[in-house]
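So the chains spell out like this:
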Amino acid sequence: GAPTAGTMAPEGYGPPNYNFRLVLDTLKGIALGGFFRGGKDDLTSKTATGTPINKMSAFAVDALVELGDFGIRGALVNTKNKVDATGVINSEDTGRYGEAFYTFKKNERPWIVPLLRFDSTKDKIADRKKNNLVANLSYYPRENVRAFVEHYNELSDKKAGVKQTKDARWTIQFEVGF
């Protein structure tokens with residue numbers, strides 16, 4: 001294959017990455033999980049001269065609680081990229097989110113699902129923090145078919161303590177899975 005941008009590795013080949021996911025599910029509406037990923041960043045693992053660039057790691061914990069048709073879900077994620085040759089950290093990020101949703105059913109299947117999510121991200125190297133609120137309304141006319149309307153609103157965006165321009169947008173989307 002052709003080399004991937006910025007690397008000498010042909011597309012589809014690269015350094016090994018390791019992914020581990022473990023979930024404990026009570027089958028009574030409570031699930032707790034964790035995730036770990038480690039290895040070298042595939043797209044930037046080597047420069048054109050073959051010098052290693054990034055060694056990356058990520059870990060996360062998440063939880064889901066469902067009480068009847070009401071659900072609450074949350075996660076915490078930490079990622080880090082380090083320059084392999086020098087050990088200098090070039091990115092270190094944290095993120096977290098919490099969401100609540102209710103599933104209205106029709107014929108025992110999801111029909112309409114309103115969801116409200118708060119998420120927060122922090123880029124430690126760039127000293128940037130963002131807080132967002134998302135309101136989503138999903139409609140499931142058939143199995144594996146979903147249409148939704150969503151509003152995304154940045155509540156705050158600060159870089160080095162200075163307020164940045166906030167983003168807000170609407171999304172309308174239709175999905176079919178098979």
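The structure this text deals with has already been given above.
Read on for a plain summary of the structure. Please read all numbers here as calculations on a predicted model, not as lab measurements. (Residues numbered from 1 in each chain as written. Predicted model: local features only at pLDDT ≥ 70, side-chain atom pairs only at ≥ 80, totals over all residues. Heavy atoms only, no water.)

1. Some remarks on the pattern of salt bridges
When the charged atoms of two side chains with opposite charge come close together, those side chains can pair. Using the criterion set out here, one finds nine salt bridges in the structure. Here Asp-69 and Lys-105 are joined by a salt bridge, their closest N and O atoms 3.4 Å apart. Of this pair, Asp-69 sits in the loop between strand S3 (54-67) and strand S4 (70-83) while Lys-105 sits in strand S6 (residues 104-106); the two residues are 36 residues apart in sequence, bridging distant segments of the chain. In this structure, the salt-bridge partner of Lys-130 is Glu-154, at a minimum N-O distance of 3.4 Å. Taken together, the residues Lys-130 in strand S8 (residues 128-142) and Glu-154 in strand S9 (residues 145-159) connect sequence positions 24 residues apart. (Salt bridge = Lys/Arg side-chain N within 4 Å of Asp/Glu carboxyl O. Helix = DSSP H or I, 4+ residues; strand = E, 2+ residues; numbered from the N terminus.)

2. Concerning the packing of aromatic side chains
A complete count under the given rule lists two aromatic pairs for this structure. Aromatic side chains Tyr-102 and Phe-104 sit 4.8 Å apart centroid to centroid with 65 degrees between the ring planes, which places their arrangement in the edge-to-face category. Owing to a relative accessible area of 41%, Phe-104 belongs among the partly exposed residues under this scheme. Its end group placed over the ring of Tyr-152, Arg-169 keeps NZ or CZ at 4.1 Å from the ring centre. (Phe/Tyr/Trp six-rings, centres within 6.5 Å; stacked < 30°, edge-to-face > 60°. Buried < 20%, exposed > 50% of the residue type's maximum accessible area, 1.4 Å probe, protein only. Lys NZ or Arg CZ within 6 Å of the ring centre and 35° of its normal.)

3. Concerning the side chain of Glu-154
Classification of Glu-154 as buried rests on a relative accessible area of 5%. Residues in contact with Glu-154, not counting those within four places in the same chain, are Lys-130, Asn-131, Asn-132, Thr-165, Lys-166 and Asp-167. (Contact = heavy atoms within 4.5 Å.)

4. Some points on the environment of Ala-135
One can find Ala-135 in strand S8. Separated by 15 residues in sequence, Ala-135 and Glu-150 place their C-alpha atoms 5.7 Å apart. Discounting chain neighbours no more than four positions away, the residues touching Ala-135 are Leu-115, Leu-116, Val-149, Glu-150 and His-151.

5. Digging into the side chain of Asp-157
Here Asp-157 is to be found in strand S9. Overall, the relative accessible area of 3% leaves Asp-157 in the buried class. Of the polar contacts made by the side chain of Asp-157, one reaches the side chain of Arg-128; its length is 2.7 Å. Look past the residues within four positions of Asp-157 in its chain and what remains in contact with it is Arg-128, Lys-129, Lys-130, Val-162, Lys-163, Gln-164 and Thr-165. (Polar contact = N/O pair within 3.5 Å; in protein donor to acceptor, adjacent residues only side chain to side chain.)

Fair warning: the whole summary comes from geometry, so function is off the table for now.
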